[in-house]
Every structure is written in structure tokens, then in C-alpha cells.
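Structure at a glance
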Amino acid sequence: AQKITQTQPGMFVQEKEAVTLDCTYDTSDQSYGLFWYKQPSSGEMIFLIYQGSYDEQNATEGRYSLNFQKARKSANLVISASQLGDSAMYFCAMREGFQTGANNLFFGTGTRLTVIP
Amino acid sequence: GAVVSQHPSWVICKSGTSVKIECRSLDFQATTMFWYRQFPKQSLMLMATSNEGSKATYEQGVEKDKFLINHASLTLSTLTVTSAHPEDSSFYICSAARLAGGAGTDTQYFGPGTRLTVL
């Protein structure tokens, strides 16, 4: 089974509007971390936001927030007030366990976001 | 902070030659670095986990003799593609794990990637 599922291959959003990118995960671990990365056309992977499985509040970083619903195993990324520069590929990822540094990330297939002026 | 560099950013080589890619964490020490491969319009595929001072752990299906990894220091890991062939052409990305806070909060920061083209 896929550990990370992103069901939206592509999304469009009007500039200045909010958009939600879906992500569901599958793990039997109690301790895990969820990440969102942005990959523009240049190829670099830019870290956006992190949510730990024990964090009770949803993570927020500027215009990015993570809608964490543990019971449903979903970790959707919400981008508010979209900007043209937000057009990129977005990857949801999960790390199982809390062993510092040693755990690799499982990536979803990504969602290509296009912001329309 | 949390800057990871990769060098070179792109390389073109002839079939049969070897190519070395460097990954450096510039402002933090990383005991663990990861090497990924990404084909066009696909997700990242983990190739190996590199631990400073020990042998790398390779994922299933990745040839350790073809993709040599050396994690010589807490800020440098290298990936050498030996006897490269056209099917090795890909985008190679490294990441370094940095502890952001308490246990379990480490985050992987990625380098800008290296585009390898083997002719």
C-alpha cells in the first residue's frame, strides 16, 4: 500500500484565493512526522511545513497551514492568498518513527499547482 | 540557516565515465544525508541513506557498486555514478537531516539537485 497518497495530479487556483492540496497517509506507527515540500521548475525541494503526530495544533508557517486530521490520516496543505510564485509541484512526505535523522521520507506523487492571474 | 548545496548543478558525460556529485550542509552538521533520484514528472525515489563514518544503506534495487556513496564528514557526502550509461540520466537530489527542536522534529533540507545526462 502507498504510504503517501496525493490524489490531485494538478490544481488551478486564482491569484489571491486559497487552495487546499490533499494528502492522506498510511502508517501503523504512533510516532511520525508529516512534511510538505515545494518544487519549482528549477528542481530544488523547498521545505514548507512540518507536523508531528503528537502535535495537537495544526502547524502554520506564514501563508501555509497544515490541516491535520489524525483519525482520518490526512494532512492537507492550505495555501492562503495564492501568489503567482506559488506555481510549482508540491509533495507531501512522511517520516515514520522519531529516531533523529535516521529515518527516510516517503513521498507522494505530487500535485502541480498553477496560479492563474 | 539550513542550507544544503550540491555540485555540480548539471553535468553531461560520455557513456562509461564516472561522475561525482557532492552534497554539503553549509550551516549545520548532518550525521545523516539521503540521496534521491527523480525521473521527469515523477516523485523522488530514495536511493540510499548515508551516515557519517559508516557504510551507506542502499534501498532495494539500487546497485551499491554502481552508486558509490561516501560520507566523509558531518557536512559532506558524495555520490559517484560509476561507468555511467544513458539510463543513469536523471535528476539526483541529496538531503541532510537537521534537528529542529526536540526528538522527532528533524527535518530534511534538500540540495538544489544535479541533472546528469549521459550521452
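Our structure's up above, just so we're on the same page.
For the structure given in this document, a descriptive report is provided here. What you are looking at is a predicted structure, and each value in this text was computed from that prediction instead of being measured. (Residues numbered from 1 in each chain as written. Chains lettered and ligands numbered in written order. Predicted model: local features only at pLDDT ≥ 70, side-chain atom pairs only at ≥ 80, totals over all residues. Heavy atoms only, no water.)

Tallied over the full model, the rule gives two disulfides over all chains. Cysteine 23 of chain A shares a disulfide with cysteine 92 of chain A; S-S distance 2.0 Å. When the S-S torsion is -65°, as for the bridge of cysteine 23 of chain A with cysteine 92 of chain A, the disulfide is left-handed. Highlighted residues: cysteine 23 of chain A in the loop between β3 (19-21) and β4 (24-25) and cysteine 92 of chain A in strand β10 (residues 88-96), separated in sequence by 69 residues. Pair check on accessibility: cysteine 23 of chain A and cysteine 92 of chain A agree, each one buried. Note on cysteine 13 of chain B: no disulfide assigned, nearest cysteine sulfur contributed by cysteine 94 of chain B at a separation of 18 Å. (Disulfide = S-S within 2.5 Å. Helix = DSSP H or I, 4+ residues; strand = E, 2+ residues; numbered from the N terminus. Buried < 20%, exposed > 50% of the residue type's maximum accessible area, 1.4 Å probe, protein only.)

Of all hydrophobic cores here, the largest spans 27 residues; its most connected members are Phe67 and Leu116 of chain B. Broken down by secondary-structure element, the contributors of at least two residues to this core are β2 (10-13), β3 (19-25), β4 (32-38), β5 (44-51), β7 (67-73), β8 (76-81), β9 (90-98) and β11 (114-118) of chain B. Residues in contact with leucine 116 of chain B, not counting those within four places in the same chain, are Val11, Cys13, Val19, Val81, Asp88, Ser89, Ser90 and Tyr92 of chain B. Residues Cys23, Leu77, Tyr90 and Cys92 of chain A belong to the second largest nonpolar core, which totals 24 residues. (Core = buried A, V, L, I, M, F, W, Y, C linked by side-chain atoms within 4.5 Å. Contact = heavy atoms within 4.5 Å.)

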